[in-house]
Amino acid sequence: MAGKVHRLAAPGTAPRRVVASPECVQHEGDPPPCDAPHRTPRASRQTFPATALAAHAIPGAEETDVPGRVHTRLLHYAGAPVRVTVTFAEDQITVDLPDEIPDPAGLAVPIRRWLDLDSDTARIADALATDPLIRPLVEHRPGIRLIGYPDEFEAIIATVVGQQVSLAAARTFMGRLVIAYGTSAAGLRALPAPRELAAIPDTELQTAVGLTRARTRTLRTVAQRWADGFTLAHLTTDEARGALLELPGIGPWTADYLTVRALQHPDTFVPGDLVARRALGSVTTDQARSIAERWAPWRSYALMHLWADAAYTPPGKKRTRA
């Protein structure tokens, strides 16, 4: 169901708040503009965003309270980092902002994109639920969204750092990076900018973060490319994937993964992803690709269901395997 982001004025209170509601837009003091019925969100639907964000949260840069369904991080706005706190309630998403932000509505677009609030999740769930293989996962999390990254460069370096390692190891490496080279703001740390990261010598960066020599070279190459002004933002999906594959150290898994997580393309699968292949019964890459064809045009959302159950759910609480 498409989410709407709007500003909720709160005179005399801090912080200010942007609210994402499934159906209606309301400003304080106005009558509700609509009372359209909508599906009652399940607890798993609203817990998923917090568990997914927690699985990738960078120590020192992000904080997640999974039971409270709260995630806090910095977003860049008007040239400066801004501390935002997202709360996933049963029927809305609220984003608390510092009181000094002059116009919270300016953050609406990046927040909507990051959290995939404009997608019609009911339509997507109905389409995927027709396939018996993935139906149990869809029924458990019918409103799952394709959560991405609020910053393209962050998505790129987090993915490079996370190549061929566990989520826990990737978070450790990213935490070392942000502690060593990030900047402090509002009690958290912001990742270094592309130009700052590109200027760090390979040996120093490798020692500080603990990456392999090859991964360190890839990280600095990517940083330099983005420092030079490159972006995926205005490329088609095929163009973006091709541009990524031209970078040294970027292979099919990384390009496919970034198509899902950075570009948030709705119909991309990552057949080489080990977690997804295990969730499908330890199938081969070709078998995973073939199986995923039945989920078009929502293969990215099917993949998110597999990840949610296999990688974002605590041991002993997994719903089922696809």
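Only a predicted model underlies this, so the values are computations on that prediction, with no experimental measurement involved.

Draft legend 1. Highlighting the overall build of the protein chain. Assigned secondary structure in the protein chain consists of 14 helices and eight strands. Counting across all 322 residues of the protein chain, residues that qualify as buried make up 49%. Long-range contacts, defined here as pairs at least 24 residues apart, represent 58% of the contacts in the protein chain between residues at least 6 apart.

Draft legend 2. View of the environment of Ala292. When you line up the elements, Ala292 lands in helix 13 (residues 285-292). Through-space distance from the C-alpha of Ala292 to that of Leu280 is 9.9 Å; in sequence the pair is twelve residues apart. Sequence-distant contacts of Ala292, that is, excluding residues within four places in its chain, are made with Phe269 and Arg299.

Draft legend 3. Fine view of the pairing of strand 5 (residues 80-88). Inspection of the sheet shows strand 4 (residues 70-77) paired to strand 5 by eight bridges, in the antiparallel sense. Across the sheet, Tyr77 pairs through a bridge with Ala80, a residue of strand 5. In this structure, the hairpin formed by strand 4 and strand 5 is closed by a connection of two residues, where Ala78 is found at a positive phi of approximately 55°. Bridge analysis of strand 5 against strand 6 (residues 93-97) gives four bridges, and the strand direction is antiparallel. Following the sheet pairing, Phe88 is matched in strand 6 by Ile93. Between strand 5 and the antiparallel strand that follows it, strand 6, lie four residues.

Draft legend 4. Summary view of empty space enclosed by the protein. In total, this model carries three cavities of 30 Å³ or more according to the counting rule given. Here the second largest cavity is characterised by a volume of approximately 130 Å³. Lining the second largest cavity are 16 residues, and of these Leu53, His56, Ile147, Gly148 and Arg261 lie nearest its centre. Looking at the lining of the second largest cavity, the elements with two or more residues in it are helix 1 (43-56) and strand 4.

Draft legend 5. Structural context of the nonpolar core. Grouped together as the largest cluster of nonpolar side chains are 85 residues, with contacts concentrated most on Leu128, Leu197, Trp226, Leu244, Phe269 and Trp295. Excluding anything up to four places from it in sequence, Leu197 contacts Phe153, Ile157, Leu177, Pro192, Leu205, Leu219, Arg220 and Ala223.

Draft legend 6. Seen up close, helix 5 (residues 152-161). Most of helix 5 sits inside the fold, with nine of its ten residues counted as buried. Within helix 5 the residues assigned to the buried category are Phe153, Glu154, Ala155, Ile156, Ile157, Ala158, Thr159, Val160 and Val161. Sitting at the amino-terminal end of helix 5 is Asp151, which places a side-chain oxygen 3.1 Å from the backbone nitrogen of Phe153.

Draft legend 7. Looking closely at the pattern of salt bridges. Taken as a whole, this structure holds ten salt bridges when the rule is applied. Residue Arg289 is joined to Asp286 by a salt bridge in which the shortest nitrogen-to-oxygen separation is 2.9 Å. Taken together, the residues Arg289 and Asp286, both in helix 13 and three residues apart, mark about one turn of the helix. Using a relative accessible area of 41% as the deciding quantity, one classes Arg289 as partly exposed.

Draft legend 8. Geometry of helix 2 (residues 108-115). Within helix 2, the full set of buried residues consists of Ala108, Ile111, Trp114 and Leu115. One side of helix 2 holds all its buried residues, which, seen down the axis, span an arc of 135°. Looking one or two residues beyond helix 2, the residue adopting positive phi is Asp116, at roughly 60°.

Draft legend 9. Examining the packing of aromatic side chains more closely. Going through the model one piece at a time under the given rule, you end up with six aromatic pairs. Judged by centre distance (6.3 Å) and plane angle (40°), the ring pair of Phe48 and Tyr312 falls under tilted. Here Phe48 is found in helix 1, whereas its partner Tyr312 is found in the segment after helix 14 (299-310), with 264 residues between them in sequence. Each member of the pair, Phe48 as well as Tyr312, carries the same accessibility label: buried. Look at Tyr257 and Trp307: their rings are 5.4 Å apart centre to centre, the planes differ by 50°, and that puts the pair in the tilted class. Within this pair, whereas Tyr257 is found in helix 11 (residues 252-261), its partner Trp307 is found in helix 14, the two being separated by 50 residues in sequence. When its relative accessible area of 8% is taken as the criterion, Tyr257 is described as buried. The buried category is assigned to Trp307, whose relative accessible area is 4%. The rings of Trp253, Tyr257 and Trp307 are connected pair by pair, giving a single aromatic cluster. Over the face of the ring belonging to Trp114 we find Arg73, whose NZ or CZ atom lies 5.9 Å from the ring centre.

About the cut-offs
- Residues numbered from 1 in each chain as written.
- Predicted model: local features only at pLDDT ≥ 70, side-chain atom pairs only at ≥ 80, totals over all residues.
- Heavy atoms only, no water.
- Helix = DSSP H or I, 4+ residues; strand = E, 2+ residues; numbered from the N terminus.
- Buried < 20%, exposed > 50% of the residue type's maximum accessible area, 1.4 Å probe, protein only.
- Contact = heavy atoms within 4.5 Å.
- Pairing = 2+ DSSP bridges.
- 1 Å grid on protein atoms, 1.4 Å probe; cavity = no way out; pocket = protein on both sides within 12 Å on 5 of 7 lines; lining within 4 Å.
- Points joined across faces, edges and corners; volume = space filled by probe spheres on them.
- Core = buried A, V, L, I, M, F, W, Y, C linked by side-chain atoms within 4.5 Å.
- Polar contact = N/O pair within 3.5 Å; in protein donor to acceptor, adjacent residues only side chain to side chain.
- Salt bridge = Lys/Arg side-chain N within 4 Å of Asp/Glu carboxyl O.
- Arc of directions from axis to C-beta.
- Phe/Tyr/Trp six-rings, centres within 6.5 Å; stacked < 30°, edge-to-face > 60°.
- Lys NZ or Arg CZ within 6 Å of the ring centre and 35° of its normal.

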